[in-house]
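If you want the building blocks of each chain, they are given just below.
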Amino acid sequence: DKEIFMTTSSTNPPAAPVLQGLRILSVEQYGAGPFGTQYLADLGAEVIKIENRKDGGDVGRMVGPHFFGPGDSHFYQSFSRNKKSLTLDLKHPEGQAVLHQLARDADVVFNNLRGDLPPKLGLTYEQLGRIKPALVCAHLSAYGRKGSRTNWPGYDYLMQAEAGYLHVTGEPGSPPSRMGLSIVDFMTGITTALALLAALFGAARTGRGRDVDVSLFDVALHQLSYPGTWYLNEKLVTGRAPRSAHPSATPVQLFKTADGWIFIMCMTEKFWQELLKVIAAPHIAQDPRFATVSLRREHRDDLTPLLDAEFERDTTAAWLAKLQGVLPAAPVYDMAQALENPFPLANGMIRNTPHPERADFRSFANPIKLDGARLPARSGPALGADTDTVLKELGYSSDDIAGFKSRGIL
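Everything quoted here is computed from the prediction, not taken from an experiment.

Structural notes on the overall build of the protein
Helix and strand content of the protein: 18 helices and 15 strands. On the principal axes, the C-alpha backbone points of the protein span a range of 85 × 55 × 40 Å. A buried classification covers 45% of the 410 residues belonging to the protein. If you sum the accessible surface of the protein, you get close to 20,500 Å²; carbon and sulfur atoms cover 58% of it.

Things to note about the sheet that holds strand β10 (residues 261-265)
By definition, the strands of a sheet pair up through backbone hydrogen bonds, in either a parallel or an antiparallel sense. Across the sheet, three strands lie side by side as β9-β10-β11; this open sheet has antiparallel pairing. Every other strand in the sheet has two partners, leaving β9 (252-256) and β11 (329-331) as the edge strands with one partner each. The average undirected angle you get between the axes of adjacent strands in this sheet is 25°. Where β10 lies against β11, three bridges are found, and the strand directions are antiparallel. Counted as the bridge partner of I264 is A329 from β11. Here helix α14 (residues 316-323) sits on the sheet in contact with β10 and β11, set at roughly 25° to β10.

Topic: the side chain of S141
With respect to the helices, strands and loops of the structure, S141 is situated in strand β7 (residues 136-141). Look at S141 and you get buried, because its relative accessible area is 4%. In contact with S141, not counting residues within four places along its chain, are L113, R114, G115, V214, S215 and L216.

Here's the deal with the sheet that holds strand β2 (residues 46-51)
What the six strands build is an open sheet, ordered β5-β2-β1-β6-β7-β8; its pairing is parallel. Looking at strand neighbours, the two that pair on one side only are β5 (84-87) and β8 (210-215), the edges of this open sheet. Going across the sheet, the axis of each strand differs from the next one's by a mean of 20°, ignoring polarity. Both strand β6 (residues 108-111) and β7 contribute to a ladder of four bridges, which runs parallel. Looking across to β7, one finds that F110 is bridged to A138. The sheet strands contacting helix α4 (residues 93-104) are β1 (23-27), β2 and β5, and the helix crosses β1 at an angle near 150°.

Focus on the nonpolar core
A general trend in soluble globular proteins is that nonpolar side chains are found buried together. Core analysis: the biggest nonpolar cluster contains 32 residues, and I24, V136, M159 and L196 have the highest contact counts within it. For this core, the elements supplying multiple residues, two or more each, are α2 (32-42), β6, β7, α7 (183-206) and α8 (216-222). In terms of residue count, the dominant contributor to this core is α7 (six residues). What I24 contacts, discounting residues up to four positions off in sequence, is L40, A45, E46, V47, I48, V108 and F110. In this structure, V27, L86, L123 and L394 belong to the second largest nonpolar core, which totals 28 residues.

Some remarks on unusual backbone geometry
With an omega of 15°, the peptide bond between G64 and P65 qualifies as cis. Mapped onto the elements, P65 comes out in the loop between β2 and β3 (67-69). For the bond running from T250 to P251, omega is -5°, close enough to zero to count as cis. Tracing the chain through its elements places P251 in the loop between α9 (225-234) and β9. Positive phi is not limited to glycine here, since K235 has a value of about 60°. Here K235 is to be found in the loop between α9 and β9.

Some words on the pairing of β2
Counting buried residues in β2 gives six out of six residues, a clear majority hidden from the surface. Pairing between β1 and β2: four bridges, direction parallel. Paired with I24 across the bridge in β2 is V47. Across four bridges, β2 lies against β5 in parallel orientation. Paired with E51 across the bridge in β5 is T87.

Points about α4
Helix length check: α4, at twelve residues, gives a terminal C-alpha distance of 17 Å against a target of 16 Å (1.5 Å per residue), a fit within 8%. Considering only its buried residues, α4 is in contact with β1, β2, β5, α5 (125-128), α17 (387-393) and α18 (398-406).

Considering the environment of E162
Tracing the backbone through its elements, the reader meets E162 in helix α6 (residues 156-162). Taking the C-alpha atoms as reference points, E162 and P367, 205 residues apart in sequence, are found 30 Å from one another. Sequence-distant contacts of E162, that is, excluding residues within four places in its chain, are made with Y143, R149 and F217.

Notes on the packing of aromatic side chains
On inspection of all chains with the given rule, the structure shows 14 aromatic pairs. Between F35 and F79 the ring centres are 6.3 Å apart and the planes differ by 70°, which places this aromatic pair in the edge-to-face class. Note that F35 is positioned in helix α2 and F79 in helix α3 (residues 74-79), a separation of 44 residues in sequence. Each member of the pair F35 and F79 is classed as buried. Pairing F35 with F186 gives two aromatic rings, centres 4.6 Å apart and planes at 35°, and the pair type is tilted. One end of the pair, F35, is in helix α2; the other, F186, is in helix α7, with 151 residues separating them in the sequence. The rings of Y30, F35, Y39, F75, F79, Y155 and F186 are connected pair by pair, giving a single aromatic cluster. Here the guanidinium or amino end of R149 rests over the ring plane of F217, the centre of that ring lying 5.7 Å away. The ring of W319 is capped by K322, whose NZ or CZ atom sits 4.3 Å from the centre of that ring.

Cut-offs and rules
- Residues numbered from 1 in each chain as written.
- Predicted model: local features only at pLDDT ≥ 70, side-chain atom pairs only at ≥ 80, totals over all residues.
- Heavy atoms only, no water.
- Helix = DSSP H or I, 4+ residues; strand = E, 2+ residues; numbered from the N terminus.
- Buried < 20%, exposed > 50% of the residue type's maximum accessible area, 1.4 Å probe, protein only.
- Areas by Shrake-Rupley, 256 points an atom, 1.4 Å probe, with all protein chains shown as cover.
- Pairing = 2+ DSSP bridges.
- Axes fitted to C-alpha atoms, helices over the stretch in contact; angles between N-to-C directions.
- Contact = heavy atoms within 4.5 Å.
- Core = buried A, V, L, I, M, F, W, Y, C linked by side-chain atoms within 4.5 Å.
- Expected span 1.5 Å × (residues − 1).
- Phe/Tyr/Trp six-rings, centres within 6.5 Å; stacked < 30°, edge-to-face > 60°.
- Lys NZ or Arg CZ within 6 Å of the ring centre and 35° of its normal.

Next up, the structure:
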């Protein structure tokens, strides 16, 4: 695996930083916000994390179980590559004065705070737009900055619960089950990154920025997508189907093999016919119960054991050798198998991102490629690592900075 990584990670030159010159001040912590701004940092934006030293900075620094040392964890590094860190107490009047100086040279001020906190910390367009009219102020919150839940804290798992995800995940008859990953956090971060880039495009044309708001709850609900549309218009409740099956297409689900599981996706009639050719089972091909898409859906419980019997004749790997390139199919891997899989190693998705405490630290590459090249990466910053440099760029002297530190502003 190491040989594969070393030979493939350097096949293309580093991607050009397309967002170079874009400066983002980010009052961020934990997952959703840092995940979104990391995309922008990977693409070349200068993302400056504004952290409060008194609180220990981004709470993600303290999330275990694996640490590099005090204030630095594997969790934090998963969301903080290519960024800078500046310590600043935004609750202090002098901290607000420094924020205003920073805002003059910034394009975006981003936060992922509780909905009622941005105006208290001076992070809204009403407060900062007078300093720089083209500034975009982006707000990622749990439930939004207006309405009855403005001051509610919230997390991904709560959004999955209230938006119905736990009743469309897992096997029928089992307790409600959340997705295994914080998908609402991740999608909200990406949605906010898209929204602030759109607002920047508008500001470049008009000279006027704005507030941009995205909430975890809204994104979670929006992602109900077509099952949600079915219910809104036809009162159709999409529940859990056996074997993680698709609600309408069949067979699109898990099947047993001789040594594990395989996921088959016959989303079209063409793929169903291709499957019949590969498994060579005339008793299934000629059964009138499975003649059409609607009939296969109606008789899914009858079809599943018949296909199980066919797939159990061989191993998952053997079936993949027969099916891949013919119809959509994938092995069912656990975490270890997924990350030892030669494919992501060969295509550069798993890479070395050296850390000061661990030169062989491995992480994921950004999934975006530019001109066929992966985006460059460096490890996330230590708390306040860039404070002096950023403030000196603004014109503050060493004595000014020392004074701020003595007064607890930095």
